Amino acid sequence: MMRKAHITVLGARGSIPVSGSRFARYGGSTTCFALVVGGVTVAFIDAGTGLINADALGLKLAPSVEVFLTHYHWDHIQGLSMMRELWSGACAVCVWGPDDPAEILERAISPPLFPVSIADVASIRFASSDGPVDIGGLTITPFAVHHPQGACGYRVDGPSRSVAIVTDHETGTNLDSGILDAVRGADVLLHDAQYLPDELAAHRGWGHSTHEGATSAARAAGATELILTSHDVGRTDTAIDEMVESARRAFPNTEAARPGMEIAL
Ligand SMILES: [Zn+2]
């Protein structure tokens, strides 16, 4: 029998963590999503600071866990540096990412930038994410997105539903059609909505979208549900509520990602 599966959002903030009462509902931790099958976390998409929320949310990790990175900017990898199960050896971890994840992470997580080197962890492996991977009955497929230094999104096909995750992507660029091909037929689209439309002109080329770009992508791909993510560092709970209201005028079934949110697979 197929085991039930879902995604738990652990962090949905872009760029750098924030804290304070104005960010209480949508959270301050950076991007991290747990893939949970039969009640056990088998993988993470991205390893931002949200990864450390796994304990607080009561997630139980499998003895072997896969971490799929979209890219290597700090807000997507810092959770690895504080992942207790990785450093203690409690979990065997395989890190997947574009290009050469071993070479890049060994530069980012090693002295003098961090007290110890991730290369010294005995139970870690690295793999290039260049095609579909089956994990615990889920199929995880990378696709290229438009973001500085390059990045990818991941489509997760589960026992009942498919979720496409596009955390960092600038719409209106040459990769849009390839992304739509990868996302087409997915039930849920989790999409970058870092900027408001009137903020975009000052941030062209920074590799992020507006909620208008996200709703257009959801409509074009035929998704039934849109979840906005990669919230800007200054975007308060109230401002995110307003952004969701605006997005719903173009795509009614829109929400914004927040820690603890569960998305059925
Ligand atoms: Zn980035």
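Scroll up to find the structure.
The sections below set out a description of the structure shown in this document. (Residues numbered from 1 in each chain as written. Predicted model: local features only at pLDDT ≥ 70, side-chain atom pairs only at ≥ 80, totals over all residues. Heavy atoms only, no water.)

### A short note on the pairing of strand β12 (residues 225-229)
(1) Moving on: Counting buried positions along β12 gives 5 out of 5 residues, so the element sits mostly inside the fold.
(2) Moving on: Going residue by residue along β12, you find Glu225, Ile227 and Thr229 tucked away on one face and Leu226 and Leu228 tucked away on the opposite face as well.
(3) Moving on: Both strand β11 (residues 188-192) and β12 contribute to a ladder of 5 bridges, which runs parallel. Within β12, the position partnered with Asp192 by the bridge is Thr229.
(4) Moving on: The sheet contact formed by β12 and strand β13 (residues 254-256) spans 3 bridges and is parallel. The partner of Ile227 across the bridge, within β13, is Glu255.
(5) Moving on: In the classification by handedness, the crossover that spans β12, the intervening helix α7 (residues 237-250) and the parallel β13 is right-handed. (Buried < 20%, exposed > 50% of the residue type's maximum accessible area, 1.4 Å probe, protein only. Helix = DSSP H or I, 4+ residues; strand = E, 2+ residues; numbered from the N terminus. Pairing = 2+ DSSP bridges. Right-handed = clockwise from strand over helix to strand, strands pointing away.)

### Quick word on the sheet that holds strand β5 (residues 92-97)
(1) Moving on: In space, the 7 strands of this open sheet follow the order β6-β5-β4-β3-β2-β1-β14, with mixed pairing throughout. Looking along the sheet, the strands with just one partner apiece sit at the ends: β6 (124-128) and β14 (262-264). Adjacent strand axes in the sheet meet at a mean angle of 20° when their direction is disregarded.
(2) Moving on: Pairing between strand β1 (residues 5-11) and β14: 3 bridges, direction antiparallel. By the bridge assignment, Ile7 is partnered in β14 with Ile263. (Axes fitted to C-alpha atoms, helices over the stretch in contact; angles between N-to-C directions.)

### With respect to helix α2 (residues 74-81)
(1) Moving on: Of all 8 residues in α2, 6 are buried, a share of seventy percent or more.
(2) Moving on: The inward-facing, buried residues of α2 contact β4 (61-68), α3 (84-88), β5 and α4 (101-108). (Contact = heavy atoms within 4.5 Å.)

### Re the packing of aromatic side chains
(1) Moving on: On inspection of all chains with the given rule, the structure shows 3 aromatic pairs.
(2) Moving on: Ring geometry for Phe68 against Trp96: centres 5.6 Å apart, planes inclined by 15°, an arrangement best described as stacked. With a gap of 28 residues between them, Phe68 in strand β4 and Trp96 in strand β5 connect regions that are remote in the sequence.
(3) Moving on: With relative accessibility at 16%, the residue Trp96 sits in the buried group.
(4) Moving on: Relative to Phe114, the ring of Trp87 lies with its centre 5.9 Å away and its plane at 35°, an arrangement referred to as tilted. Within this pair, whereas Trp87 is found in helix α3, its partner Phe114 is found in the loop between α4 and β6, the two being separated by 27 residues in sequence. (Phe/Tyr/Trp six-rings, centres within 6.5 Å; stacked < 30°, edge-to-face > 60°.)

### Observations concerning the pattern of salt bridges
(1) Moving on: Within this structure, the stated rule accounts for 10 salt bridges.
(2) Moving on: Its salt-bridge partner being Asp181, residue Arg184 comes within 2.9 Å of it at the nearest N-O pair.
(3) Moving on: In this structure Arg184 comes out as partly exposed when scored by relative accessible area, which is 43%.
(4) Moving on: Note on Asp181: relative accessible area 53%, which makes it exposed.
(5) Moving on: If you follow the salt bridges from partner to partner, you end up with Asp55, Arg84 and Glu85 in one network. (Salt bridge = Lys/Arg side-chain N within 4 Å of Asp/Glu carboxyl O.)

### A short note on the sheet that holds strand β7 (residues 133-135)
(1) Moving on: In space, the 7 strands of this open sheet follow the order β7-β8-β9-β10-β11-β12-β13, with mixed pairing throughout. Lying at the two open borders of the sheet, with one neighbouring strand each, are β7 and β13. This sheet shows a mean twist of 25° between the axes of neighbouring strands, independent of strand direction.
(2) Moving on: Pairing analysis gives 4 bridges linking strand β10 (residues 162-166) to β11, with the strands arranged parallel. Along β11, the bridge assignment pairs Ala164 with Leu189.
(3) Moving on: Of the strands in this sheet, β8 (138-145), β9 (151-157), β10 and β11 are in contact with helix α5 (residues 176-183), which crosses β8 at around 170°.

### Quick look at the coordination of the zinc ion
(1) Moving on: Only His71 (NE2), His73 (ND1) and His147 (NE2) from the protein reach the zinc ion as donors, at distances of 2.1 to 2.2 Å.
(2) Moving on: One chain supplies every donor to the zinc ion, and in sequence these donors are spaced H-x1-H-x73-H.
(3) Moving on: Using a relative accessible area of 2% as the deciding quantity, one classes His71 as buried. (Donors = N, O, S within 2.8 Å, 3.2 Å for Na, K, Ca; no water.)

### Thoughts on the nonpolar core
Side chains of a nonpolar character, in soluble globular proteins, are inclined to be buried together.
(1) Moving on: If you look at the biggest cluster of nonpolar residues, it comprises 60 residues, and the most contacted ones within it are Phe44, Ile45, Phe68, Leu80 and Ile263.
(2) Moving on: Of all the elements, strand β2 (residues 32-37) adds the most residues to this core, at 6 residues.
(3) Moving on: Leaving out residues up to four positions away in the same chain, Ile45 has contacts with Cys32, Phe33, Leu35, Phe68, Thr70, Ile140, Tyr154, Val156 and Ile165.
(4) Moving on: Within the second largest apolar cluster, 26 residues are counted, among which are Val145, Leu226, Val244 and Ala247. (Core = buried A, V, L, I, M, F, W, Y, C linked by side-chain atoms within 4.5 Å.)

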